[in-house]
Amino acid sequence: ALRDRPATEQGPGRTADGHPVTLLLNIGSARDLRPGTAEGVGLFRTEFLFLDRRDAPTYEEQVAAYTAVLQALPGRRVVIRTLDAGSDKPLPFLRLPGESNPALGVRGLRTSRIHPEVLDTQLDAIAEAARASAAETWVMAPMVSTADEAAGFARRARERGLRHVGVMIEVPAAALHARRLLAEVDFLSVGTNDLGQYAFAADRQHGELADLLDPWQPGLLRLIAMCGEAGREAGKPVGVCGEAAADPLLATVLVGLGIGSLSMAAPSVPAVREALGRHSLDECEAGARRALEAENPAEARAAISGRR
Ligand code: PEP
Ligand code: MG
């Protein structure tokens, strides 16, 4: 049924009854932008600037890289994620201590405990690029576990004049306390790749454990639901930027769980837009309830695909 309409259909994301769902792009640099495909950028991974280098990129280099993206999208939302180093993204210049368990170690926002100057310079550069562009600049931190961490990040970002400050939900404890985190920041973005990894204690790169990392796992959906509920209560945006957002059927479930924006690689956008346009918000919510009740991913999928 998804093939009845042309896959190139443009325009903002909406359910069949007109409930808006913001569709955004995941990018690694300005080269990944596809203007017209989506409504903005939901995840700008800034690691590319830092990888394969002996020294940190300069303030000027960073301003130029962020400006290249922001200036391409006047009036649009661009969510810049601060450096997500460590674990599967080691950075030589950070000279982090060797760790036997890097996925549970000093990664993401935690690197700023050891090297606060790296985050400070990055936030300075983002603020400078934001001032010079007409984009709506949002900034968020990866690998946040507690409301205290969220508050510390928000303070540092707001001190620099950044006005849309959020955190990623990638750690189960953060999802469980989504409400408390939202008291500190303006928005949440659920990173389902890492949230699945940490919720199921299964290395995201481990092929043998793919069944545990399935984004249809009802346990993962339950954590996402807690974030969606917290967002509705607080009246603050909660999005998903992990791979789950790129699965058209699962996208309808996420919307039913209270998710207001979906961010994905450009090629996935048309099919997600189409799937949303086929279902009313009520249907999405009914589907979300069935998926949460399912015993396993296969049952959750079947409960949704069988409804049409
Ligand atoms: C995620 O973890 O879902 C995410 C979007 O971040 P990354 O894939 O860059 O770790
Ligand atoms: Mg992640």
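Residue positions within a chain follow its written sequence, with the count starting from 1. Chains carry letters and ligands carry numbers; both start at the beginning, A for chains and 1 for ligands, and go up in the order they are written. Totals for whole chains, interfaces and linings use every residue, but because this is a predicted model, local features are given only for residues with pLDDT of at least 70 and side-chain atom pairs only at 80 or more, for both listing and counting.

As annotated in an unreviewed UniProt entry, the protein chain carries the name Phosphoenolpyruvate-protein phosphotransferase and comes from Sphaerisporangium flaviroseum. UniProt positions are given in the numbering used here, feature names are shortened, and annotations may be inferred rather than shown by experiment. According to its UniProt record, the protein chain has this under Sequence similarities (unreviewed entry): "Belongs to the PEP-utilizing enzyme family."

Working definition: helices are DSSP H or I runs of at least four residues, strands are E runs of at least two. Numbering for both runs from the N terminus. For the protein chain, the count of helices and strands is twelve helices and eight strands. Projected onto the principal axes, the alpha-carbon positions of the protein chain cover approximately 55 × 45 × 35 Å. Put simply, a residue is buried when 20 or more other C-beta atoms lie within 10 Å of its own C-beta and exposed when 12 or fewer do; between those, it is partly exposed, and each C-beta is set from the backbone. Counting all 308 residues of the protein chain, 47% fall into the buried class. Sequence separation of 24 or more characterises 67% of the internal contacts of the protein chain that already satisfy a separation of 6 or more. Throughout, a residue-residue contact means that the two C-beta atoms, derived from backbone geometry, are no farther apart than 7 Å.

The subject of this paragraph is the site of ligand 1. Using a C-beta atom placed from the backbone for every residue, we mark a residue as near a molecule or strand if that atom lies within 6 Å of it. Taken together, Leu43, Arg45, Asp84, Glu170, Gly191, Thr192, Asn193, Asp194, Cys241 and Gly242 make up all the residues around ligand 1. Elements with a contribution of two residues or more to the shell around ligand 1: strand E2 (40-45) and helix H7 (192-199). Considering every element that reaches the shell around ligand 1, the biggest residue donor is H7, with three residues. Partitioned by chemical class, the residues of the shell around ligand 1 number two nonpolar, four polar and four charged. Any residue outside Ala, Val, Leu, Ile, Met, Phe, Trp, Tyr, Cys, Pro, Asp, Glu, Lys and Arg is labelled polar, Gly included; the first ten of those are nonpolar and the last four are charged.

Bringing the sheet that holds strand E7 (residues 238-240) into the picture now. For two strands to count as paired, DSSP must find a minimum of two bridges between them. Within the closed barrel, the eight strands sit side by side as E1-E2-E3-E4-E5-E6-E7-E8. Their pairing is parallel. Recorded for the sheet is a direction-independent mean angle of 25° between the axes of neighbouring strands. Strand direction decides the pairing type here: strand E1 (residues 22-27) and strand E8 (residues 261-264), joined by four bridges, are parallel. Bridge pairing links Leu23 to Leu262 in E8. Axis lines are fitted to C-alpha atoms, over the contacting stretch for helices. Their N-to-C directions set the angle, which ranges from 0 to 180 degrees.

Following the sequence through the fold, Val78 ends up in strand E3 (residues 77-81). The class of Val78 is buried, set by 28 C-beta atoms lying within 10 Å. Along the backbone, Val78 and Arg131 are 53 residues apart, and their C-alpha atoms lie at a distance of 13 Å. Not counting the four nearest positions on each side in its chain, Val78 is found in contact with Gly40, Val41, Phe44, Val69, Leu70, Leu73, Ala135, Glu136, Thr137 and Trp138.

Moving on, we come to helix H8 (residues 218-234). Multiplying one less than the number of residues by 1.5 Å gives the expected span of a helix. In a regular helix each residue adds 1.5 Å, so 17 residues correspond to 24 Å; H8 covers 24 Å between its end C-alpha atoms and thus fits that length. Within H8, the full set of buried residues consists of Leu220, Leu221, Leu223, Ile224, Ala225, Met226, Cys227, Gly228, Ala230 and Gly231. A positive backbone phi angle near 65° is found at Gly235, which sits one or two residues after H8.

On to the packing of helix H1 (residues 59-70) against helix H3 (residues 116-131). The interhelical angle for the contact between H1 and H3, taken along N-to-C directions, is 45°, at an axis separation of 8 Å. Relative to H3, the element H1 lies oblique. Crossing geometry of H1 relative to H3 is assigned as right-handed. Counting all contacts with H1, which are made through Tyr59, Gln62, Val63, Tyr66, Thr67 and Leu70, the residues of H3 involved are Thr121, Gln122, Asp124, Ala125, Ile126, Glu128, Ala129 and Ala130. Classifying every residue of the contact of H1 with H3 by side-chain character gives eight nonpolar, four polar and two charged. Orientation labels follow simple angle bins: below 35 degrees gives roughly parallel, above 145 gives roughly antiparallel, 65 to 115 gives roughly perpendicular, and whatever is left gives oblique. A clockwise turn of the near helix away from the far one marks a right-handed crossing, whereas an anticlockwise turn of less than a right angle marks a left-handed crossing.

The next subject is helix H9 (residues 248-256). Among the nine residues of H9, eight are classified as buried, and the element is accordingly described as predominantly covered. As for H9, its buried residues are in contact with H8, E7, E8, helix H10 (269-277), helix H11 (281-293) and helix H12 (297-305). Immediately downstream of H9, the backbone of Gly258 shows phi near 100°, a positive value.

Nonpolar cores are identified as sets of buried Ala, Val, Leu, Ile, Met, Phe, Trp, Tyr and Cys residues joined via C-beta atoms within 7 Å. In terms of nonpolar packing, the biggest core is built from 86 residues, with Ile224 and Leu254 touching the most fellow members. Residue contributions to this core peak at eight residues, all from H8.

One ladder, built from three bridges, connects E1 with E2; its direction is parallel. From the neighbouring strand, Ile27 faces E2, where its bridge partner is Phe44. Alignment of E2 against E3, held across four bridges, turns out to be parallel. Considered in E3, the bridge of Gly40 is made with Arg77. Once the chain exits E2 it traverses H1 before rejoining the sheet at E3, and the crossover so formed is right-handed. With the strands pointing away from the viewer, any crossover whose connection runs clockwise from the first strand over the helix to the second is right-handed.

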